[in-house]
Amino acid sequence: WHGTHVAGIIGAEVNNSQGIAGLVPLVDILPVRALSWRGGLSSDIAASIIWASGGHVEGVEDNAHPAQVINLSFTTKSACSETFQKAIDTAIENGSVIAVAAGNANSDVRDYAPANCNNVVAVGATDATGKRAAYSNYGEGIDISAPGGDSKFPGDSPVGSKGKIVSVSKLKIEKSCLYDIGMLY
């Protein structure tokens, strides 16, 4: 699952001679699963954002450890829905920062939600040379870009998840121990 991969990059133990060294190995991770293998509804994502930020969601026990940063590493080609925007605004009011993937369609970011929503930090991807990765969305809506992988490696897809995982994870480091839907608190 993608959120597990992001959480692993952020919080993996260090100096144990196993796998990778995490970017923030002592961080607390609050995993929130908003979608299933079959997808889900925008309302499920919105409820997850609100709950992760410490907001109340009917029928769910309140979150005792609100996320300071909420990572949304998905995109959908659409305008920012009222459902997404209200959830994002609630999370911002609750004190969370919302980091979102710009998208991997090599298109203008203004056509992709939630990166085109207000009050988010849209993260684009750069390639191994520091230039915009060929697959990364682009445009004035990009707030920051970070290493996203090199699509030239054998077997890589130019629109794979590699860019989203590394770019949004890097933002957390640049914000100094920021917090990851996988969320960090």
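Look above for the structure.
For clarity, every value in this text was computed on a predicted model and none was experimentally measured.

**Some remarks on the overall build of the protein chain**
- Secondary structure assignment for the protein chain yields 4 helices and 8 strands.
- Starting at the N terminus and walking to the C terminus, you meet the elements of the protein chain as α-β-α-β-β-α-β-β-β-β-α-β.
- The buried share among the 185 residues of the protein chain stands at 41%.
- About 9600 Å² of surface is accessible on the protein chain, with carbon and sulfur atoms providing 52% of the total.

**A closer look at the state of the cysteines**
- Summed over all chains, the structure comprises 1 disulfide.
- The disulfide partner of Cys 80 is Cys 117, and the gap between their sulfur atoms is 2.0 Å. Judged by the torsion about the S-S bond (100°), the Cys 80/Cys 117 disulfide is right-handed. Taken together, the positions of Cys 80 in the loop between strand E3 (76-77) and helix H3 (82-93) and Cys 117 in the loop between strand E5 (112-113) and strand E6 (121-126) put the pair 37 residues apart, joining distant regions of the chain.

**Considerations on the pattern of salt bridges**
- Applying the stated rule across the entire model yields 2 salt bridges.
- Its salt-bridge partner being Asp 108, residue Arg 110 comes within 3.2 Å of it at the nearest N-O pair.
- The class for Arg 110 is exposed, based on a relative accessible area of 63%.
- Exposure remark for Asp 108: the relative accessible area of 18% places this residue in the buried category.

**Here we look at the pairing of E6**
- Counted residue by residue, E6 has 6 buried out of 6 residues, so it is predominantly covered.
- Residues Val 121, Val 123 and Ala 125 of E6 are buried on one face, and the alternating residues Ala 122, Gly 124 and Thr 126, pointing to the opposite face, are buried as well.
- In the sheet, strand E4 (residues 97-101) pairs with E6 via 3 bridges, with the strands oriented parallel. Paired with Ala 99 across the bridge in E6 is Val 121.
- Here E6 runs beside strand E7 (residues 144-147); their pairing, made up of 4 bridges, is parallel. When the sheet's bridge partners are listed, Val 123 is paired in E7 with Ile 144.

**As for the nonpolar core**
- Grouped together as the largest cluster of nonpolar side chains are 25 residues, with contacts concentrated most on Ile 49, Trp 51, Ile 70, Leu 72, Ile 98, Val 100 and Val 120.
- Mapped onto this core, the elements with two or more residues apiece are helix H2 (42-52), strand E2 (69-72), H3 and E4.
- Take this core: its biggest share by element is 5 residues, from H2.
- With residues up to four places along the chain from it excluded, the contact list for Trp 51 reads Leu 30, Val 32, Val 57, Val 60, Glu 61, Asp 62 and Asn 63.

**Here we look at the environment of Gln 68**
- Positionally, Gln 68 belongs in the loop between H2 and E2.
- For Gln 68, a relative accessible area of 42% translates into the label partly exposed.
- Spatially, the C-alpha atom of Gln 68 lies 8.9 Å from that of Ala 52, the residues being 16 residues apart in sequence.

**Focus on the packing of H2 against H3**
- Here H2 crosses H3 at 5°, and the two axes come no closer than 8 Å. Classified by the angle between their axes, H2 and H3 sit roughly parallel to one another. Packed against H2, whose contacting residues are Ser 42, Ser 43, Ile 45, Ala 46, Ile 49 and Ile 50, the element H3 presents Thr 83, Phe 84, Ala 87, Ile 88, Thr 90 and Ala 91 at the interface.
- For the contact of H2 with H3, the class distribution of residues is 8 nonpolar, 4 polar and no charged.

Rules behind the numbers
Residues numbered from 1 in each chain as written. Predicted model: local features only at pLDDT ≥ 70, side-chain atom pairs only at ≥ 80, totals over all residues. Heavy atoms only, no water. Helix = DSSP H or I, 4+ residues; strand = E, 2+ residues; numbered from the N terminus. Buried < 20%, exposed > 50% of the residue type's maximum accessible area, 1.4 Å probe, protein only. Areas by Shrake-Rupley, 256 points an atom, 1.4 Å probe, with all protein chains shown as cover. Disulfide = S-S within 2.5 Å. Salt bridge = Lys/Arg side-chain N within 4 Å of Asp/Glu carboxyl O. Pairing = 2+ DSSP bridges. Core = buried A, V, L, I, M, F, W, Y, C linked by side-chain atoms within 4.5 Å. Contact = heavy atoms within 4.5 Å. Axes fitted to C-alpha atoms, helices over the stretch in contact; angles between N-to-C directions. Parallel < 35°, antiparallel > 145°, perpendicular 65-115°, else oblique. Nonpolar A, V, L, I, M, F, W, Y, C, P; charged D, E, K, R; others polar.

Read these as geometric descriptors, not functional statements.
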